[in-house]
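Architecture at a glance
So you can see what is in the structure, the chains are spelled out below.
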Amino acid sequence: MKKAPFHLSLPCLSISQTKRFYIDILGAKLGRSAHQWLDIDLFGNQITFTKSGGFDFSYKSYKFENTVLPSFHFGVIVDKETWGAVYDKLMESNYEVTTKVTFLEDKVGEHISFFIEDPNKHNVEFKSFQNVEEMFER
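Report on the accompanying structure. Predicted model only: the values in this text are computed from it and were never measured.

This brings us to the overall build of the protein chain. Helices and strands together make up the secondary structure of the protein chain, namely two helices and 10 strands. The N-to-C order of helical and strand elements in the protein chain reads β-α-β-β-β-β-β-β-α-β-β-β. Scaling as 2.2 N^0.38, a compact globule of 138 residues should have a C-alpha radius of gyration of about 14 Å, and the protein chain matches this with 15 Å. Its C-alpha atoms put the protein chain at 50 × 35 × 30 Å along the principal axes. Residue burial in the protein chain is summarised as follows: out of 138 residues, 38% are buried. Of all intrachain contacts in the protein chain linking residues separated by at least 6 positions in sequence, the fraction that spans at least 24 positions is 55%.

Looking now at the side chain of Asn 45. Within the secondary structure, Asn 45 is located in strand β4 (residues 45-51). A polar side-chain atom of Asn 45 sits 3.0 Å from the main-chain amide nitrogen of Phe 6. Side-chain polar atoms of Asn 45 contact the backbone oxygen of Phe 43, separated by 3.4 Å.

This brings us to the pairing of strand β6 (residues 67-70). Sheet topology places strand β5 (residues 61-64) next to β6; four bridges connect them, and they run antiparallel. By the bridge assignment for β6, Phe 64 is matched with Thr 67. Between the antiparallel neighbours β5 and β6 lie two residues, among them Glu 65 with a positive phi of about 55°.

To continue, consider the pattern of salt bridges. Here the structure, examined in full by the defined rule, presents two salt bridges. With its nearest N and O atoms 3.3 Å apart, the salt bridge here joins Asp 39 to Arg 32. Overall, Arg 32 belongs to the exposed group, its relative accessible area being 59%. For Lys 121, the salt bridge goes to Glu 117, with nearest N and O atoms at 3.6 Å. Residue Glu 117 is classed as partly exposed on the basis of its relative accessible area, which comes to 30%.

A word on the environment of Tyr 87. Topologically, Tyr 87 is positioned in helix α2 (residues 80-91). Residue classification places Tyr 87 among the buried positions, given a relative accessible area of 14%. Along the sequence, Tyr 87 and Phe 115 sit 28 residues apart, while their C-alpha atoms lie 9.7 Å from each other. Setting aside residues up to four positions removed in sequence, Tyr 87 forms contacts with Val 97, Lys 100 and Phe 114.

About the cut-offs
- Residues numbered from 1 in each chain as written.
- Predicted model: local features only at pLDDT ≥ 70, side-chain atom pairs only at ≥ 80, totals over all residues.
- Heavy atoms only, no water.
- Helix = DSSP H or I, 4+ residues; strand = E, 2+ residues; numbered from the N terminus.
- Rg over C-alpha atoms; globule rule 2.2 N^0.38 Å.
- Buried < 20%, exposed > 50% of the residue type's maximum accessible area, 1.4 Å probe, protein only.
- Contact = heavy atoms within 4.5 Å.
- Polar contact = N/O pair within 3.5 Å; in protein donor to acceptor, adjacent residues only side chain to side chain.
- Pairing = 2+ DSSP bridges.
- Salt bridge = Lys/Arg side-chain N within 4 Å of Asp/Glu carboxyl O.

Structure below.
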């Protein structure tokens, strides 16, 4: 199957705070936008944020290896250099990285990962594989 960027649409509480986080903090690019919504180009993937009223993503966590992770999250898979640059930039910001861990160490699919909560309470994961060809291998 040919690779293709994905599109994800999520509610947001504040267009300006969402824009600041994704553009100014993460370094994503702004796509089309209007007063009540904006498109973010996050590493070639389109995320649309639409201003909404209150919403609740009540979710349970799950355990992978020895780490508790949020069931509801989305993220991007990047090379190690990009992963490190984003991580370092976030560590210098006022945002808290909620998880930083290596999964499947010394196994097929080994990867390093961290999570951060955006201003809308969405958990965003940044992941980098030791060998990206093993992304889907079991």
